[in-house]
Amino acid sequence: MPATWPRQLVEHLRSREGAGALVIATSSAVALGVVPNLIDALPHPIWAAIIAFVVTVLITPLGWALRHERGLGIVLGLYPPGQQQDSRIVTLAAASAARHTSSFEVRPRLLSPAGTELGAKGRADLTAEIIDARAVEEARRFSATDVTLYPLIPLREGFHLGRQLAHRNWTSLTVMHLSGSNAKSVIPGIRLGTHLTGPLTPTQLALVNGCVHPGSEDAITPEPHPECPRTHRHRLAVIIRLSPSDAMVEDARHVARTGSLRRPYSLAHTGYLPHIDATCGAHVVIQSTRTYLDETPETFEAVANHLHRTITTAAEAWRNHLAVTSPVPPRPVEVLVFLAGPLPIAIALGWLGVHHPETDVVHHDKALMGS
């Protein structure tokens, strides 16, 4: 049922734009009433003009700030039903509504057309289409609009979403981050753009060396798995731990060496659900030297750039190794990324790896761990 016009008026006045209009209108009305009295009271009209000008200068920016377009916020709460973290979605939605002129929320039901369950790549593709459509709709209201994403999605879907967004030629997108050290804090994570693709600056190299080991992409050497079947030797596991996870590296190394999803002694599930047989011919490990990375865009962008370059370098090193040691021409190297870290970095890795379709992230389900 449509809202009545009084209710619509109240809702508008409660909004930021309505408040801005109210400030401007009230100030104008006050000025119209006060200025004539000032002219009569003051000894010289010039003083009234000066006072009116000063009041206008002070009030106008406030009204402009309240009415100024502040871009589009898109909240992505895309964990499967039963795994949604409603309190965190509420936190993201509140942050988006507070920061932007328009805010829109994408929920899992939007990604199941006619009840069809899509895979990670299909869901990422549809999510990117929804983001595009909503941004176009917003751009019709304003000559241009900034788009900011507030994601809470599995890392593999985040990786593929970044890749799909890169395919769509976005020049710039901001990805917010729900802090790992303070679950109520929503802060800027990464700005996706061409600036991520350049060589690391000395400042970025210092950031990387201060929080990641190895800090140089040239220092990475794949560790072969001699027992790996020849049919799987072209696969390389890149194990990246950027957040607290005691068993993550050993679990990922075990899956990459054996293809088994259960730990060797307890038979507890590692939580990994690879989209293919995850047995690999070799692996490399990249780890944070801190409990949490500094949660700043500068750190996230430097680390994402470094990881992308390290993955590319490791794949090239393994390709060269296979070319020397294989009796037949080796197959193209496939990279399986085992990742524990901030979601904005996973999205940035997909964005940066848009031209590397042979690279994918292995899905991890925490609910399965230990089962």
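Remember, predicted model here, so these are calculated numbers, not experimental data.

### Describing the state of the cysteines
Applying the stated rule across the entire model yields zero disulfides. In this structure C280 is a free cysteine whose sulfur lies 7.2 Å from that of C228, the closest cysteine sulfur available. Its relative accessible area of 0% is what places C280 among the buried residues.

### Details of helix α6 (residues 155-167)
With 13 residues, α6 extends 19 Å from end C-alpha to end C-alpha; this agrees with the ideal 18 Å at 1.5 Å per step. The buried fraction of α6 is high, at 11 of 13 residues. For α6, the complete set of buried residues consists of R156, E157, G158, F159, H160, L161, G162, R163, Q164, L165 and A166.

### Considering the confidence of the model for the chain
Mean pLDDT over the chain stands at 82; residues scoring 70 or higher make up 77%. pLDDT under 50 marks residues 63-68. Its contacts with residues more than four places away, or in other chains, come to 16 contacts.

### Considering the nonpolar core
By size, the foremost hydrophobic cluster in this structure holds 59 residues, and its most contacted members are L192, I240 and I345. Of the residues forming this core, the biggest block, 10 residues, is contributed by helix α9 (residues 297-325). Ranked by size, the runner-up nonpolar core spans 15 residues in total, among them A252, V255, A278 and V362.

### Quick notes on the pairing of strand β3 (residues 147-152)
For β3, a buried count of six out of six residues is recorded, marking the element as mostly surrounded by other parts of the structure. The two faces of β3 match: V147, L149 and P151 on one face and T148, Y150 and L152 on the other face are all buried. When strand β1 (residues 72-77) meets β3, the two strands line up parallel, connected through six bridges. The partner of I74 across the bridge, within β3, is L149.

### A short note on helix α8 (residues 248-258)
Most of α8 sits inside the fold, with eight of its 11 residues counted as buried. Within α8, burial applies to M248, V249, D251, A252, R253, H254, V255 and A256. Those residues of α8 that are buried are in contact with β8 (235-241), β9 (272-273), β10 (282-288) and β11 (334-340). Positive phi appears at G259, one or two residues downstream of α8, with a value of about 80°.

### What about the environment of S185?
Within the secondary structure, S185 sits in the loop between β4 (172-178) and β5 (186-193). Sequence spacing of S185 and A95 is 90 residues, and the spatial spacing of their C-alpha atoms is 9.0 Å. Once residues within four sequence positions are removed from consideration, S185 is found in contact with H177, L178 and S179.

### Here we look at the packing of aromatic side chains
Applying the stated criterion across every chain, the model contains one aromatic pair. Ring centres of Y272 and F338 lie 5.1 Å apart, and the angle between their planes is 75°; this geometry places the pair in the edge-to-face category. With Y272 in strand β9 and F338 in strand β11, this residue pair connects regions lying 66 residues apart in the sequence.

Basis of the calculations
- Residues numbered from 1 in each chain as written.
- Predicted model: local features only at pLDDT ≥ 70, side-chain atom pairs only at ≥ 80, totals over all residues.
- Heavy atoms only, no water.
- Disulfide = S-S within 2.5 Å.
- Buried < 20%, exposed > 50% of the residue type's maximum accessible area, 1.4 Å probe, protein only.
- Helix = DSSP H or I, 4+ residues; strand = E, 2+ residues; numbered from the N terminus.
- Expected span 1.5 Å × (residues − 1).
- pLDDT = per-residue confidence, 0-100.
- Contact = heavy atoms within 4.5 Å.
- Core = buried A, V, L, I, M, F, W, Y, C linked by side-chain atoms within 4.5 Å.
- Pairing = 2+ DSSP bridges.
- Phe/Tyr/Trp six-rings, centres within 6.5 Å; stacked < 30°, edge-to-face > 60°.

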